[in-house]
Each structure stands twice: as C-alpha cells, then as structure tokens.
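# Fold and geometry: a report
These are the residues of each chain, in order.
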Amino acid sequence: MLTSRGLWALAAAYSLTALSTAFFVYPPLILSLLTTTVFLAVYIVQAFRRMASISQEKISVERQVSPPAVSVGQTVDVVLQLSSRLDEGVEVEVEDVFEGLVLVEGSPTTYAVLEPGGSLTLRYRLKAEKRGEYTVGPAVVRIYDGPRLVVRKMVAGKPVRILASPALETRLKLGESIIRSRDGVGGSGLNPLTGADEVFRQVKPYTEGEPVRRIAWRRTARSMEDEILVKQYEHFSSVGIGLILDCSPSMAVGSLLDRCLATVLFLTSAFLRKGDTVHVKTLGAADNISLRATSYSSHYMEVLSKVSKIRPGGFYTPPEKLDELRDLDLIFILSRFAYWSGGELATLLKNLSTSGASVLPICPVKSPRPEPLFTTLARLEEARIRHLREKVPQIQVFPEHVLLPQMLNLYRLYSGRPRHVKYL
C-alpha cells in the first residue's frame, strides 16, 4: 500500500502536470513534469510488486513475557525479537500491540534497517492497574521501500496472555502462618508430595507386596531372627477445603472484593502446594465459577485465570444447599451477607454440616473512617451483623487487613484436630 508520503508525491506530480498542460506555459516544463509523473508511477508499480513478493514466512517474531502472571501494580518485562530471512536489506518498523496495560519503561515501537538475515530486539516494561486477563501482541510489522513511498504491512507473532491478580498487601509474620516447608506456606500435611503427614511409629516384619523403600536396613542387619523389617508409619489424610466467595455488588466496597480475591488465591496456592483439595465457588458474580483443584501444577493457573476475571454481578438468591461441597472437610464462606437472612444462612450451614464438614462464615469489613457519615454507616453495619448473629452465632467478623492471617489461624486450629489415620 502507499504511504502518506507516496500518496502526496503521486498526487502532486499529477496535479502539476495537469495544471501546466492546461495553461501551456512552457513546453519543456510540461515534458519534464510528464516524464517525472510517468517515472514515479512506474516506480510505484515496481515497488508494489517487490513488496508483494515478500513472504510473511520470511519475517519471524518471537516474544517473551516474564512473568506471565503478576499482581496488580507489578511490572512485566516484554522482549520481542524480529528476524529477517530475506536476501536483501529492508527498512522495518515494528509496533507491538497491547491493550489495558500501562507502559512503564521503554517503547513498544522501533525502526531499523535490517541487513540480509539480520534481526532486531525490542524491550519494554508494562504493568496492570486492574486485575484481569490481558494480551500482548500480535506485532505490526511495516516494511518500506527506499524512499518510503510504498509499505508492506503484516501482522506477526502470537499474542501472549498476561494474568493480573489482586495484590495482597498483608505481610505475614512467621507466627501467623501455618506449617512451612521448602515449598513455602504449607497445607494440612508435612509431605510436600502427597500433602499428608506420615509419622514413623515402629518396625514390623516384612510381608510380600510392601514397597522396598520402607525396609529398615539397619534394623534388619542387627536382627537376630534373620527376617526383614520394614518401617511402619501413621498416615494422616489431607484436607478438603471449600472457599465460597460472595462477588455481588455488596462486596464492591472500596477494595474489599479485591482483598478477598487475593486472599482466596493465596490460600488456594498454599493448600494446593501441600496436596490439599480446594474447591473455589462464587456467588453473585457476573459469571459464577465452581472449580475443584487437586494439583498446584495442573489446576492453579486455571483458578488464577478464572478468579482474576471475576466481576460483580447483581442480586442473588442465597442457596439452601451446595451438593458439590458436601464431601469437603472445612468450608469458608466469605461474604458481607447483605442478601442473606439469618434463617437462610442457618439453613445452608446446617445442610453443609450434615456431611461432617466444619463451616466457618466470615464477614470481612472495611476499617471505619473518622468522618461522621462513615461512623454512622459502620454502626448500621454492626447492628445488621448482630441481627444475623442471633440466628448464626458462629459468624466471624474480621477487618480486611487481618483477613488472611485470621483465616490461616482458623485453618490451623482445624488442622490440629484428629483426622483419618491409617497405617502404611
């Protein structure tokens, strides 16, 4: 296609030729203008053919984005490399496309003259100001002829997805966190592979079919009865955890919903790393989700993607039962319970508890501001929660800035209870 420079040059040549011909001022001038116009038209036609002969396969674009999943406000480094496999040098302008992200450093556009088989590298840095899913790419590549009258435009490079999750500002102290291991904050167990506690209790004679790795070689060598001894462990099962989050407009007070989403993501990551089962369910969102995750490597990115894109919906009818959560051991309900009556919440808790699950309703609240209006609203909120507690006394009320450590403490209290034990 013609560039703006090529279009103006061709239009000017034709206009001058037409004007000089109309007035017939000076024949040599008319001849020179006509020659220039014909030459310009022939050159543009030839340049069009040459640009059209450039195959898109001759231009390759590779993009690296690090890290692909970030918190809101965290920067993302983008490196784009364009390689030419053409047999001739070309002038190239590259523009990388991104939407919804903010440019922090560098430039997504560059211009260079590529030698045959040459390459160029483009580096810049982005950040997300809101949670959600964003894409970087594809890149727009423009190849110019020498005078920049004709350009060949092509789109190259696959777009890369970036997930921006809510930022978690809480700083945990060692005493506020649950069991730690080499993988970070732990879940219910000590074993980083299975998420279960395996505690050595005794040795016993070997029976056929037992794994060789459990043989107590030193005890066997000291045994006077010429028998093989194996180690016996008590195996504590992992915990099934449910995280129910209210995403209705009642939670969109300041940053309350984002703080709760960040807490859910942190807990999901921590528990999955230790082998626990986590079920994340939303109520009142524009697009509700219900995800069960059993593996960090296989399922966490799916949970992160879904949770990061949650948007508040509208009024919802509180459910009386949630059958998909009946096989779990511990269920957290995060909500201001603005659309719940005490009877409706008590009914749901009763139905969930019949399967043996421990259900903990938690009401996160914003820290009150000193202005009289906000003080009055805080008192009304306290009165509403007191009314709910008449029917459901186990409701826990936590300020948003201590929500995560308080939930970790509740989990630690639960995980200290006896769980299913079997010998291995």
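Our structure's up above, just so we're on the same page.
Residues numbered from 1 in each chain as written. Predicted model: local features only at pLDDT ≥ 70, side-chain atom pairs only at ≥ 80, totals over all residues. Heavy atoms only, no water.

## Overview of the environment of A9
Among the structural elements, A9 can be located in helix 1 (residues 4-23). When its relative accessible area of 28% is taken as the criterion, A9 is described as partly exposed. Between the alpha carbons of A9 and T37 there is a distance of 9.3 Å; along the sequence they are 28 residues apart. Setting aside chain neighbours within four positions, we find A9 in contact with L40 and L149. (Helix = DSSP H or I, 4+ residues; strand = E, 2+ residues; numbered from the N terminus. Buried < 20%, exposed > 50% of the residue type's maximum accessible area, 1.4 Å probe, protein only. Contact = heavy atoms within 4.5 Å.)

## Quick word on the environment of D87
Within the secondary structure, D87 sits in the loop between strand 3 (75-84) and strand 4 (90-98). According to the relative accessible area criterion, D87 is exposed, its value standing at 75%.

## Remarks on a nonpolar patch on the surface
On the surface, L34, V38 and V42 cluster together into a nonpolar patch covering about 250 Å² of accessible area. Its place among the elements puts V42 in helix 2 (residues 27-52). A relative accessible area of 45% places V42 in the partly exposed class. (Patch = residues over 30% accessible without salt bridge, like charges linked within 9 Å, V, L, I, M, F, W, Y side chains within 5 Å. Areas by Shrake-Rupley, 256 points an atom, 1.4 Å probe, with all protein chains shown as cover. Salt bridge = Lys/Arg side-chain N within 4 Å of Asp/Glu carboxyl O.)

## Looking at the sheet that holds strand 20 (residues 396-399)
Judged by pairing direction, the sheet is mixed, and its six strands sit side by side in the order 17-16-15-18-19-20 without closing on themselves. A single partner strand is all that each edge strand has here, and the edge strands are strand 17 (290-293) and strand 20. On average, each strand axis in the sheet is tilted by 20° relative to the strand beside it, whichever way the strands run. As defined by bridge partners, strand 16 (residues 277-283) adjoins strand 17 across four bridges and the pair is classed as antiparallel. Looking at strand 17, one finds that V280 is bridged to L291. Along the sheet face, helix 5 (residues 296-308) touches strand 16 and strand 17 and points at about 160° away from the line of strand 17. (Pairing = 2+ DSSP bridges. Axes fitted to C-alpha atoms, helices over the stretch in contact; angles between N-to-C directions.)

## Some points on the nonpolar core
With 40 residues, the main nonpolar core has L243, L245, V307, F332, L334, I362 and M407 as its most contacted residues. Residue assignment for this core shows that the elements contributing at least two residues are strand 15 (240-246), helix 4 (256-273), strand 16, strand 17, helix 5, strand 18 (330-334), strand 19 (358-365) and helix 8 (403-415). Here the element with the most residues in this core is helix 4; it accounts for nine residues. Beyond its immediate stretch of four places on either side in the chain, L334 contacts I244, L245, D246, C260, V264, I362, P364, L403 and M407. Core analysis: the next-biggest nonpolar cluster, separate from the first, contains 35 residues, V65, V70, V76 and Y124 among them. (Core = buried A, V, L, I, M, F, W, Y, C linked by side-chain atoms within 4.5 Å.)

## Here we look at the sheet that holds strand 1 (residues 59-66)
The sheet built from four strands is open, its strands ordered 1-3-7-5 with antiparallel pairing. Edge positions in the sheet fall to strand 1 and strand 5 (102-106), since each of these pairs with one other strand and no more. Within the sheet, the average angular offset between the axes of one strand and its neighbour, ignoring direction, is 25°. Across four bridges, strand 5 lies against strand 7 (residues 119-127) in antiparallel orientation.

## Looking at the state of the cysteines
This model, assessed by the stated rule, comprises zero disulfides. Among the cysteines around C247, which has no disulfide bond, C260 carries the closest sulfur, lying 8.6 Å off. You can see C363 has no disulfide; the closest cysteine sulfur is in C260, sitting 9.3 Å from it. (Disulfide = S-S within 2.5 Å.)

## Description of the packing of aromatic side chains
Scanning all chains against the criterion turns up seven aromatic pairs. When the ring of Y296 is compared with that of Y300, the centres are 5.0 Å apart and the planes differ by 15°; the resulting orientation is stacked. One end of the pair is Y296 and the other is Y300, both in helix 5 and four residues apart, which spans about a single turn. An aromatic cluster of three or more residues is present, and its members are F315, Y316, F337, Y339 and W340. Positioned above the aromatic ring of Y296, the side-chain terminus of R273 is 4.0 Å from the ring centre. (Phe/Tyr/Trp six-rings, centres within 6.5 Å; stacked < 30°, edge-to-face > 60°. Lys NZ or Arg CZ within 6 Å of the ring centre and 35° of its normal.)

## Re a positive patch on the surface
On the surface, R218, R219, R222 and K231 cluster together to form a positively charged patch. At three residues, the largest contribution of residues to the positive patch is made by helix 3 (residues 217-222). You can see R222 is positioned in helix 3. (Lys, Arg positive; Asp, Glu negative; His and termini not counted. Charge placed at Lys NZ, Arg CZ, Asp CG, Glu CD.)

## Some points on helix 5
Between its terminal C-alpha atoms helix 5 stretches 17 Å, which fits the 18 Å expected from 13 residues at 1.5 Å a residue. Residues of helix 5 that are buried: Y300, V303, L304, S305, V307 and S308. Buried-residue contacts for helix 5 involve strand 2 (69-71), strand 8 (132-144), strand 10 (160-165), helix 4, strand 16 and strand 17. (Expected span 1.5 Å × (residues − 1).)

## What about unusual backbone geometry?
In this model, S66 is joined to P67 through a cis peptide bond whose omega is -10°. Position of P67 among the secondary structure elements: in the loop between strand 1 and strand 2. Along the chain, G137 connects to P138 via a cis peptide bond; the corresponding omega equals 0°. Relative to the helices and strands, P138 resides in strand 8. Phi at F337 is positive, roughly 55°, even though this residue is not glycine. Here F337 is to be found in the loop between strand 18 and helix 6 (342-353). The exposure class of F337 is buried, given its relative accessible area of 1%.

## Here's the deal with the pairing of strand 4
Regular strands show a simple pattern: their side chains alternate between the two faces of the sheet. In the sheet, strand 4 pairs with strand 6 (residues 109-114) via six bridges, with the strands oriented antiparallel. The residue bridging V90 from the neighbouring strand is L114, located in strand 6. Pairing analysis gives seven bridges linking strand 4 to strand 8, with the strands arranged antiparallel. When the bridges of strand 8 are listed, F98 appears paired with V136.

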